[in-house]
Amino acid sequence: MSEAAEQIPAAGTTSLRRSRDVPMLVERARAGDPRAVARLITLVENGDALLPAVAAALAPYAGQAQVVGLTGSPGVGKSTTTNELVRALRAQGHRVGVLAVDPSSPFTGGAILGDRVRMQDHATDPGVYIRSMSSRGHLGGLAAATPQAVRVLEGAGCDVVLVETVGVGQAEVEVASLADTTLVLLAPGMGDAIQAVKAGILEIADVFVVNKADRDGVDATVRDIQGMIALGERGPGQWRPQVVRSVAARGEGIDEIAAAIDKHRGWLVEHGELRRRQEARAAAEVEAIALGTLRARIGSLRDGTELATLAAKVAEGAIDPYRAADELLAQLAR
């Protein structure tokens, strides 16, 4: 179910590469056609005018997949861990979707999209769909289109969607607002105890994965993470992040990671947290779409005289920028 299949129309069928028949694309995606899935995600990535129709067609299937985010610094083994998790999930009989976000060049806008190269083991598995996405300059570790792409994979019948972020720093935590369960990957030798207690990415983890655990210093890394967890304030019944060791390159510790994900899933369901996270995710999507629409309308004002007139008044001190913003919003409302 690899995205490469988008390039090869099936014999005796019409190519879907340029199809704009949304109901047909969704029906074919539901039936497991990788070309239809690829076409829908392409429409999403390009912000096509059909995007509202795509979202409406996929709405009945929202919330049916378990969304797992994998994040961490460059070089900790996110793609290798994702590849091995796919193997474990397929052994359990799950249909799996993978969205691997790659950084884009700030100069050319291009991206290598090399994460799926590491996942060629699953390229011919019809129960796996792998899609690399360029971040296109979007900050936070994800691409702007990732939330809607997750909805496409849910609609395509994936039981689990793995979202792998770009290599991130301490402040890129957007994946936590998208995933039901967030895995933060670390490796020995990538920081001292001070790094382990800094605010940011370490605070979003539901499961810590200390990968490359065959390296020196793994015990110290695990100890630092456990110390950081102990510092957190948690009430009765609140989730305590798990710490799992792995050597993903050898397939070691993957079953333990999968077990930790299942344990967290059970806690989410038992405490009603899963529904809360899904609603928070939906709220973030609605807000992002509304803000995007506002930005587009403000952009259209730049072609007229309203914004230029207000800017001139602010520059000469006739009005303050807050009053100008109020007037601009009033014009948008009209």
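All figures in this text were calculated on a predicted structure; none of them were measured in a lab.

Reading the values: rules and limits
Numbers given to residues run from 1 along each chain, matching the order in which its sequence is written. Reporting in this predicted model follows two pLDDT cut-offs: at least 70 for local features of residues, and 80 or more for side-chain atom pairs to be given and counted; totals over whole chains, interfaces and linings ignore these cut-offs and use all residues. Side-chain numbers here rest on the full set of heavy atoms in the structure, without hydrogens or water. Think of a nonpolar core as a cluster: buried Ala, Val, Leu, Ile, Met, Phe, Trp, Tyr and Cys residues, connected wherever their side-chain atoms sit within 4.5 Å. Type-normalised accessible area, obtained with a 1.4 Å probe on protein chains alone, sets the label of each residue: buried when under 20%, exposed when over 50%, and partly exposed for intermediate values. Under the DSSP-based scheme used, a helix requires at least four consecutive residues in state H or I and a strand at least two consecutive residues in state E, with every element numbered from the N terminus. Residues count as neighbours in contact if any of their non-hydrogen atoms are within 4.5 Å of one another. Note on definitions: salt bridges are taken to be side-chain nitrogens of Lys or Arg within 4 Å of carboxyl oxygens of Asp or Glu. Confidence of the predictor at the level of single residues is given by pLDDT, which spans 0 to 100. Axis definition: a line fit to C-alpha positions, over the contact stretch in the case of helices; interaxial angles, taken between N-to-C directions, run 0 to 180 degrees. Here the angle decides the label: under 35 degrees means roughly parallel, over 145 means roughly antiparallel, 65 to 115 means roughly perpendicular, and every other value means oblique. By definition, any crossing whose near helix is turned counterclockwise from its far helix by less than a right angle is left-handed, and any crossing with a clockwise turn is right-handed. Each residue gets one label: Ala, Val, Leu, Ile, Met, Phe, Trp, Tyr, Cys and Pro are nonpolar, Asp, Glu, Lys and Arg are charged, and the others, such as Gly, are polar. Any two strands between which DSSP finds at least two bridges are classified as paired. Note on aromatic pairs: the rings of Phe, Tyr and Trp (six-membered ring only in Trp) are paired at centre separations within 6.5 Å, and the planes decide the class, stacked below 30 degrees, edge-to-face beyond 60, tilted for the rest. Whether a charge sits over a ring depends on NZ of Lys or CZ of Arg being within 6 Å of the ring centre and within 35 degrees of the ring normal.

What follows covers the nonpolar core. One broad rule of soluble globular proteins: the nonpolar side chains tend to lie buried together. Core analysis: the largest hydrophobic core is formed by 46 residues, its most contacted members being Val37, Ile41, Leu153, Val184 and Phe208. Tallying contributions element by element places helix α2 (residues 34-45) first for this core, with 7 residues. The residues contacting Leu153, other than those within four sequence positions of it, are Val37, Ile41, Gly97, Val98, Leu99, Tyr129, Cys158 and Val161. The next biggest cluster of nonpolar side chains, apart from the first, holds 26 residues, and it includes Val96, Leu183, Val209 and Ile257.

Counted by the stated rule, this structure contains 16 salt bridges. As a salt-bridge pair, Glu273 and Arg277 come within 3.4 Å of each other at their nearest N and O atoms. Of this pair, Glu273 and Arg277 are both found in helix α9 (residues 273-301), 4 residues apart, which corresponds to roughly one turn of the helix. Judged by relative accessible area, which is 17%, Arg277 ranks as buried. Through salt bridges with shared partners, a single ionic network connects Asp206, Glu273, Arg276 and Arg277.

On to the confidence of the model for the protein. For the protein, the average pLDDT comes to 84, and 84% of its residues sit at 70 or higher. Within the model, pLDDT remains below 50 along residues 2-13, and this stretch shows 26 contacts once partners closer than five positions in the same chain are excluded.

Here we take up the environment of Arg223. With respect to the helices and strands, Arg223 occurs in helix α7 (residues 218-231). With a relative accessible area of 54%, Arg223 lands in the exposed category. Linking Arg223 and Val243, residues 20 residues apart in sequence, is a C-alpha distance of 9.8 Å.

Right, let's talk about the packing of α2 against helix α5 (residues 146-155) for a bit. Axis separation between α2 and α5 bottoms out at 9 Å; the angle between their running directions is 160°. Taken together, the axes of α2 and α5 lie roughly antiparallel to each other. Remark: the crossing between α2 and α5 carries right-handed chirality. Across from Val37, Leu40, Ile41 and Val44 in α2, the residues of α5 making contact are Gln148, Ala149, Val152 and Leu153. Classifying every residue of the contact of α2 with α5 by side-chain character gives 7 nonpolar, 1 polar and no charged.

In terms of residue burial, strand β3 (residues 128-134) counts as a mostly covered element, since 7 of its 7 residues are buried. Residues Val128, Ile130, Ser132 and Ser134 point to one face of β3 and Tyr129, Arg131 and Met133 to the other, with burial holding for every one of them. In this structure, strand β2 (residues 96-102) lies alongside β3, joined through 7 bridges in parallel fashion. Bridge pairing in β3 places Val98 opposite Ile130.

As a packed pair, α5 and α9 sit with axes 10 Å apart at the nearest point and diverge in direction by 125°. Comparing their axes, α9 and α5 come out oblique. Relative to α9, the crossing made by α5 is left-handed. Residues Pro147, Gln148 and Arg151 of α5 form the contact with α9, whose own contacting residues are Ala282, Glu285 and Ile289. Here the contact of α5 with α9 is built from residues that sort into 3 nonpolar, 1 polar and 2 charged.

Let us look at the packing of aromatic side chains. The relation between two aromatic rings is expressed through the spacing of the ring centres and the mutual angle of the planes. All chains considered together, the criterion is met by 1 aromatic pair. For the pair Trp239 and Trp267, a centre-to-centre distance of 6.0 Å together with 50° between the ring planes defines the contact as tilted. Of the two residues, Trp239 is situated in the loop between α7 and β7 (242-245) and Trp267 in helix α8 (residues 254-270); the sequence distance between them amounts to 28 residues. Of the two residues, Trp239 and Trp267, both sit in the buried class. Looking at Arg30, its charged tip hangs above the ring of Tyr61, at a distance of 3.9 Å from the centre.

Attention now goes to α5. α5 sits mainly inside the fold: 8 of its 10 residues count as buried. Of the residues flanking the end of α5, it is Gly157, one or two places downstream, whose phi is positive at about 90°.

Let us look at the side chain of Thr82. By secondary structure assignment, the location of Thr82 is in helix α4 (residues 78-91). Note on Thr82: relative accessible area 0%, which makes it buried. Apart from residues lying up to four places away in sequence, Thr82 is in contact with Leu70, Val98, Met119, Leu162 and Glu164.

Moving on, we come to the pairing of β2. Looking along a regular strand, one sees the side chains alternate between the two faces of the sheet. Counting buried positions over the 7 residues of β2 gives 7, a clear majority of the element. Judged by which residues are buried, β2 turns out to be covered on both faces: Val96, Val98, Ala100 and Asp102 on one side and Gly97, Leu99 and Val101 on the other are all buried. Both β2 and strand β4 (residues 160-164) contribute to a ladder of 5 bridges, which runs parallel. Across the sheet, the residue bridging to Gly97 is Val161, located in β4.

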